[in-house]
Every structure is written in C-alpha cells, then in structure tokens.
Amino acid sequence: MAPPPSRISKDVIRAARRQRAARLYTARKARWAHRWRRLRRAIVAAIVLFIGTFTAALLLGGLPFSAIVLMTLLGFVTFLGLATFPRSPRPWPGVPDEAGLTELAAATEDWLESRRRVLPSPAVDVIDMIAVRLEQITPQLVSLDETGPAAREVRKLLSEHLPTLVDSYTRIAPSLRHRPGPGGTTPSQQLVEGLSVISDEIETMSIDLSRHDLDRLATRGRYLETRYLDVRDSN
Amino acid sequence: MATTTDHSTNATEGLTLTPPDPVPVIQPERAAGLVPVADDQKSKLQQRVDEYVEDLVAQDAASPEFGRRVDQITNMGRREIAEAAGHSNRFLDRPVRAMDKEAGVGADLAELRRTVEDLDPSTKGNLLAPRKLFGVIPFGSKLRNYFDSYTSAQGHISAILARLQGGKDELLMDNAAIDVERQNLWATMGKLEQMVFMSKALDEGLEQKAADLDHTDPAKAKAVRETALFYVRQRTQDLLTQMAVSVQGYLALDLVKKNNVELIKGVDRASTTTVGALRTAVTVAQAMANQKLVLDQITALNTTTARIIDGTGQMMKDNTARIHAQAASSTIPLETLQRAFQNIYDTMDSIDTFKVKALDSMKQTVTTLEGEITRSKAYIARTQGQSEGTGTSAGGKSMLESLD
C-alpha cells in the first residue's frame, strides 16, 4: 500500500527542498559563526594571560619555575575551556511540546529535520510535504486563541501524535523495519501511511482555520454587491 | 436588491410587509433529494460502491481485513456530517442575532415616531386660529411657531435617520453573510446527498450480495447482514437526520433573510415618509405662512441617501406643484401635511405588525430547529464514539468517500 500519488505533489516537494536547502545553509552559517566567535575569545584569553605573566615576570624580576609551569597549565586549560564552552546551541531541540503555539510549527519542523536521517526515503517525501504545510499554517497559528479547541487539536497533532509516531518507528531495530508484519505491511510503510494522514490533517486544519476569513471576505464582497451594484442596476 | 427601490418610487401606495411562513419540520425520510446529484457522479459513486462490495465479499468473514472494510462503513460520511453539524450550530445564533438587530432598528423607529408625533399638526389644535396673549391680545402666529419647531427638531430627526441607515446596512451585511452561509451549506448538502446516495446503493448492493451468498456461503451472508448491512442502515439514518437538520437550517436562513429584506423595506419606507413629511412642511410653510423654512440637515441627509430618497423626490415634486396650486385655499395644504404624517404612522404600524408576526414564525422555526439539532447531536455523539472506538482507518484512502 504505497501512499496514493495525489497526496504528494512533486512540485511542492521540489519547492520544499529548495526551502530546506536555504534553511540548512543559514543554519550552518550560524553554527560556524558561533564557533569562530568562541575560538576568537579563547585566543584573546590566552594572549592576555601570556602578557600578564610576562609583565609580572618583568616587574618581579623573574618568576620561579613552578609559577611558570602553573601559568602554562592555566593557559592551556583556559584556552581549551573557552574553545569548547559554551556549546553551540543544539540545532535540533527535543520533542516540541513546550513551544508556544506560534513557535510550534517551526519547532516541529526542526524536530522533523533531526529525525530525517533515520527515516526511510519515501517518508522523507512526506516529511517535506509536512514541512510545506507547516510553513502554511504558521501565520494562521499566530492569531489563534491558545486555549481554544482548535489550538488544542493542532498542539495535540504536532507535539503528541507526530513525535509518538516517529519515535515508535525509530525504536524498531533497523533490520526489522522492512520486514512485513502480520497485517502484510512493513513498519516503514505504516510510518509513511501515518505521516501522510498527519500531513493531510495539517492541511485540513489549515483550511478550517482559514474558513472563517474566507467567509468574511465573501460576505464583504456580497454586501458591497447588494449595497451598491444591485441598487445601481435597478435604477 | 431591486425590491427596496421599487416600492419607494410611489410612497402613496400602501406598504405591505409580508412575514414569511415558519419553516416546517422536515422528516429525515423526506430530507434527501433537495440538492440533485448529477448522473455522472451517481455512476461514479455506484462504481465505488460496487468495487467496495466486491472487495468486502472477497475477504474472509472472520479476518481482520473484513473488519477493516466494515470500519470504513462506520466512518462513512463522518467528515461530511461533522461539517454540516458545524454549520447547523451556527444558524441557531443567527436568528437570535437578527432579532436583536431588529430591536436596534426597532428602537430607532420608536424614537422616530415619538419625535414625529411632536411635530404632527393634528395634535396642535387649530393652527390657523390667531395666537392671543391672555386669550385677548393678538400676539404672533401659532402657525409660525409651529413651523419653527421643525428647525429645532431637524437635527434629532436626521440623527435618527442616519442611525436607521446604519441599521439597514447591518441588515444588508447580515443578508450577505446568510448568502455566503447558504452557499457553503448548499455545497455541504451536496456532499451529504452523495453520501446518502452511496449508503442507499450500498444497502441494495449488500442486500443482494447476501441473498446470493445464502446458498454458497451462509456464514459469510450472515456476517454481511449482521455487520456491514447493519452499519450501513445505521449510517443511512445518521446521514438522513443530519440532512434534515441541514435542509431545515437552509430554509431557516432563507426565512431570516426574507425577514431582513422586509425590514429593510420598512426602514426605507419610514425614512422616505419622514423626509416626505418634512418636505411637505417646507412647502406648506412657504404656501401658508410665507415662511422660508430651512431644513439644511434634512436636505444634507437627502443628498447622502439620495438613492432611496430619489423616489420621494419625484413624488415631492408632484406634491409641491399640487400644493402650490392649492395655496389659494388656506386649509388644504395643512391637510396635505396631515396626510404626510399619517403616511409615516401607517408605515410604522405596518412594520410593527410585521415584526410581531415575523418574530412569531421565527420563534417557531428556531424551536423546531433546536429540537432537530438536539436529535442530530445525539446521533453525532454516537458516531464520534464509534469512530474513536474503531480508530480512523489510518492511511489507505477509504473507498467510501464523496467526490470533490
């Protein structure tokens, strides 16, 4: 039971891939910038320490050997410590259950990114599809009431159902992932099916969320028509 | 909205506002068939049903696969029903809101009536009698004072008329929302109709298949009858119940819309007759007291709301000519003024009677609708319980879905 082709649009996926490449590029750049900053700080600290020791030696007219060894060790420790800490922010956070509603979609996207490598290739297509739909739903979530039923549903889907599905797949030993179960489908196929359902559901939620606005626009248009056009026609 | 302007072209003809009849109770058995299902859609749906029946019968009756196929029946139309139910929850507050709006417009009309009554020449006694200080000494003219009262009242009247226009716009907006809602509802009912067609076709198909299997595989025939057919019939009932509610809601929305249209007519007519009376007053003041009555605010209002007042303008021109012709005789213009006031009262009376009747039929409609919705809610609750129990058949597109 491969996913029906209608659920995955090649064009959309291609666009999604481009988006993802751009996102990964900026993320990589940010990571390197962080690393350089750290290294620079470590070098500056080491130099300051060296100059300090040197000045002290000049003023006191020489230092004992033990002090020089101590300072050298201290220099090494400082350099290594500053070069390693603070760690670069982890690009992939944990399960996105603590994120606010507005960051939920972005957090889910990041989380999916972190799981990308362990998923089978047909699932990656679906994940790209989910990413596109998450981008679509993000601005809609901003104006959503955090405690409303719609928000609850979105949160449940993104921070509960989706991670649980993926986690229960990744917990299966890799050698068993392609072995058909009693139902005749392999775990990989089941994962793809499940992800497709989630992808469709995000789309449905997005449509539901915009329904109110669509109706409002249509109402406004109809009102203008009755208020101005029909009156003019009948005169 | 042709009707709103048509009637105002001649303000002298009687205004009749007809409240629409309440929406009758729609029996579920008779609910289907309002939205036609196209023939090609029918054949496609029939094909889906045939495929499904073949597929179902091909499975072993005791296998989980058979169970999965049967689950598709219990989930059949779940989305459509949920969507339609979402709509029907929204009609209930619409009639109530419309009635509230009516109260807003009604309050303005009542205020207009009070203000206009103060100006009515028939309540002022004999305006032509000379005014006398202490009943003896002649002092000014009663008529002149009377027409002066228009100048002070005009600001108030124009404010009320502007509010009435605002109220009318709100009613128009409501009607636009109803149009959109009805459009959505029509689409939803189309899908429900497809599902009803499908479930009936399934019923027939399964029944026939079971009869065929009676000889070859009685165990499977029993399974088909007891699970699949049983659920199909239950589902048909659910779909028809929701359909009945939707149809009733659809008709109820139409009722609200018609009420609004009538009310808009009433508001227009009340504004027109009021402005008409004021204009008559201007002419009469000119003719009788040779008094130049300047009602700037009314004139300003007149141009801003030119569209509805246009008809009145025509009428007033005719009247002005007539009044001027009769100016020689002193009492006739005053009678014209009185008639103009009577016109306003008639309009307001007919609005009042309309509102009483309309409210009545609206109440009846809401009551029946409420009953139906409560009934359908019970169904929906059951359906939801079922679908949560069986779990939506993850993945694999169900074969029993409506066409888009």
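Conventions adopted
Residues numbered from 1 in each chain as written. Chains lettered and ligands numbered in written order. Predicted model: local features only at pLDDT ≥ 70, side-chain atom pairs only at ≥ 80, totals over all residues. Helix = DSSP H or I, 4+ residues; strand = E, 2+ residues; numbered from the N terminus. Buried ≥ 20, exposed ≤ 12 C-beta atoms within 10 Å, placed from the backbone. Contact = placed C-beta atoms within 7 Å. Expected span 1.5 Å × (residues − 1). Axes fitted to C-alpha atoms, helices over the stretch in contact; angles between N-to-C directions. Parallel < 35°, antiparallel > 145°, perpendicular 65-115°, else oblique. Nonpolar A, V, L, I, M, F, W, Y, C, P; charged D, E, K, R; others polar. Bend = angle between axes of the 7 residues up to and from the residue. Core = buried A, V, L, I, M, F, W, Y, C linked by C-beta atoms within 7 Å. pLDDT = per-residue confidence, 0-100. Left-handed = near helix turned anticlockwise from the far one by under 90°.

Asks: Sorry, what's going on with the overall build of chain A here?
Replies: Helix and strand counts for chain A stand at six helices and zero strands. Each helix (α) and strand (β) of chain A, taken in turn from the N terminus, gives the series α-α-α-α-α-α. Counting the 235 residues in chain A, one finds 17% classified as buried.

Asks: Please clarify how the overall build of chain B should be interpreted in this entry.
Replies: Each helix and strand in chain B was counted, giving 10 helices and two strands. Secondary structure elements in chain B, listed N-terminal to C-terminal, are α-α-α-α-α-β-β-α-α-α-α-α. Expressed as a percentage of its 404 residues, the buried residues of chain B come to 44%. For chain B, restricting intrachain contacts to residue pairs at least 6 apart in sequence, the fraction spanning at least 24 positions comes to 88%.

Asks: Before we go on, may I ask you to explain helix α1 (residues 10–60) of chain A in this structure?
Replies: The α-helix winds at 3.6 residues per turn, so residues separated by three or four positions along the chain end up facing the same way. Residues and elements named next belong to chain A. Here α1 contains 51 residues, and its C-alpha end-to-end distance of 75 Å stays within 8% of the 75 Å for a straight helix at 1.5 Å per residue. Counting buried residues along α1, only one of its 51 residues qualify, which leaves the element largely exposed. In the segment just after α1, Gly61 is the residue with positive phi, at about 70°.

Asks: What am I meant to see in the environment of Ser152(B) here?
Replies: Residue position: Ser152(B) is located in helix α6 (residues 142–216). Classification of Ser152(B) by C-beta neighbours within 10 Å gives exposed; the count is 8.

Asks: When you look at the packing of helix α3 (residues 101–115) of chain A against helix α5 (residues 149–170) of chain A in this model, what are you seeing that I'm missing?
Replies: For any two helices packed against each other, the geometry comes down to the angle between their axes and how far apart the axes lie. Residues and elements named next belong to chain A. Closest axis-to-axis distance for the α3/α5 pair is 11 Å, and the angle between their directions is 10°. Overall, the two elements α3 and α5 adopt an arrangement that is roughly parallel. Together, Leu101, Leu104, Thr108, Trp111 and Arg115 of α3 and Ala151, Arg155, Leu158, Ser159, Leu162, Pro163, Val166 and Thr170 of α5 make up the contact between the two elements. For the contact of α3 with α5, the per-class residue count stands at eight nonpolar, three polar and two charged.

Asks: Even after reading the chapter, I still don't get helix α7 (residues 218–288) of chain B, so can you show me in this structure?
Replies: Residue and element names in this part refer to chain B. In this model α7 runs 101 Å from its N-terminal to its C-terminal C-alpha over 71 residues, within 8% of the 105 Å that 1.5 Å per residue would give. The axis of α7 is deflected most strongly, by about 30°, at Leu229. In terms of residue burial, α7 counts as a mostly covered element, since 56 of its 71 residues are buried.

Asks: Sorry if this is basic, but what is going on with the nonpolar core here?
Replies: In a soluble, globular protein the nonpolar side chains are often hidden away together inside. Counting residues in each nonpolar core, the largest one holds 95 residues, and the members touching the most others are Val196(B), Met198(B), Leu206(B), Ala228(B), Met243(B), Ala270(B) and Ala281(B). Looking at this core, the elements that each hand over two or more residues are α3 (39–58), α4 (64–75), α5 (78–119), α6, α7 and α10 (332–390) of chain B. The biggest single contributor to this core is α7(B), with 31 residues. In this view, Met243(B) contacts Pro28(B), Ala31(B), Ala32(B), Met189(B), Leu192(B) and Val196(B); residues no more than four positions away in its chain are not counted. Among the nonpolar cores identified, the runner-up in size contains 28 residues, and Trp111(A), Leu134(A), Leu158(A) and Leu195(A) belong to it.

Asks: Just to check I follow, could you spell out the confidence of the model for chain A for this structure?
Replies: Regions with low pLDDT carry predicted coordinates that are not meant to be interpreted in detail. All names here are of chain A. Summary statistics for chain A give a mean pLDDT of 80 and a share of 89% for residues scoring 70 or more. The spread of mean pLDDT over the elements of chain A runs between α3, the lowest at 80, and α5, the highest at 86. Low pLDDT, under 50, characterises residues 1–6; the predicted model gives this stretch 11 contacts beyond four residues in sequence or across chains.

Asks: What is the right way to read the environment of Glu54(B) from this model?
Replies: All names here are of chain B. Here Glu54 is to be found in helix α3. Residue classification places Glu54 among the exposed positions, given that 11 C-beta atoms sit within 10 Å. Between the C-alpha atoms of Glu54 and Lys209, which are 155 residues apart in sequence, the distance is 8.9 Å.

Asks: Which parts of the structure should I look at to understand the packing of α1(A) against helix α2 (residues 65–84) of chain A?
Replies: All names here are of chain A. Close contact between α1 and α2 brings their axes to 8 Å; oriented N to C, the two are set at 165°. When the interaxial angle is binned, α1 and α2 end up roughly antiparallel. The interaxial crossing formed by α1 with α2 has right-handed handedness. Across the interface between the two elements, Arg38, Leu39, Arg41, Ala42, Ala45, Ala46, Leu49, Phe50 and Thr53 of α1 pack against Met71, Leu74, Gly75, Thr78, Phe79, Leu82 and Ala83 of α2.

Asks: Looking at this model, I keep getting lost on the confidence of the model for chain B. Mind explaining?
Replies: Residues and elements named next belong to chain B. Residues of chain B with pLDDT of at least 70 account for 73%, and the chain-wide mean is 76. Taking the mean pLDDT of every element in chain B, the minimum, 38, falls on helix α1 (residues 2–6) and the maximum, 90, on α3. Scored as a whole, the predicted complex attains pTM 0.70, and scored at its interfaces, ipTM 0.71.

Asks: How do you make sense of the environment of Gly181(A) when you look at a structure like this?
Replies: Residue and element names in this part refer to chain A. Along the polypeptide, Gly181 turns up in the loop between α5 and α6 (187–234). Exposure remark for Gly181: the 11 C-beta atoms within 10 Å place this residue in the exposed category. Sequence separation of Gly181 and Tyr169 is 12 residues, and the distance between their C-alpha atoms is 13 Å. If we skip the residues at most four places from it in the chain, Gly181 touches Thr186 and Pro187.

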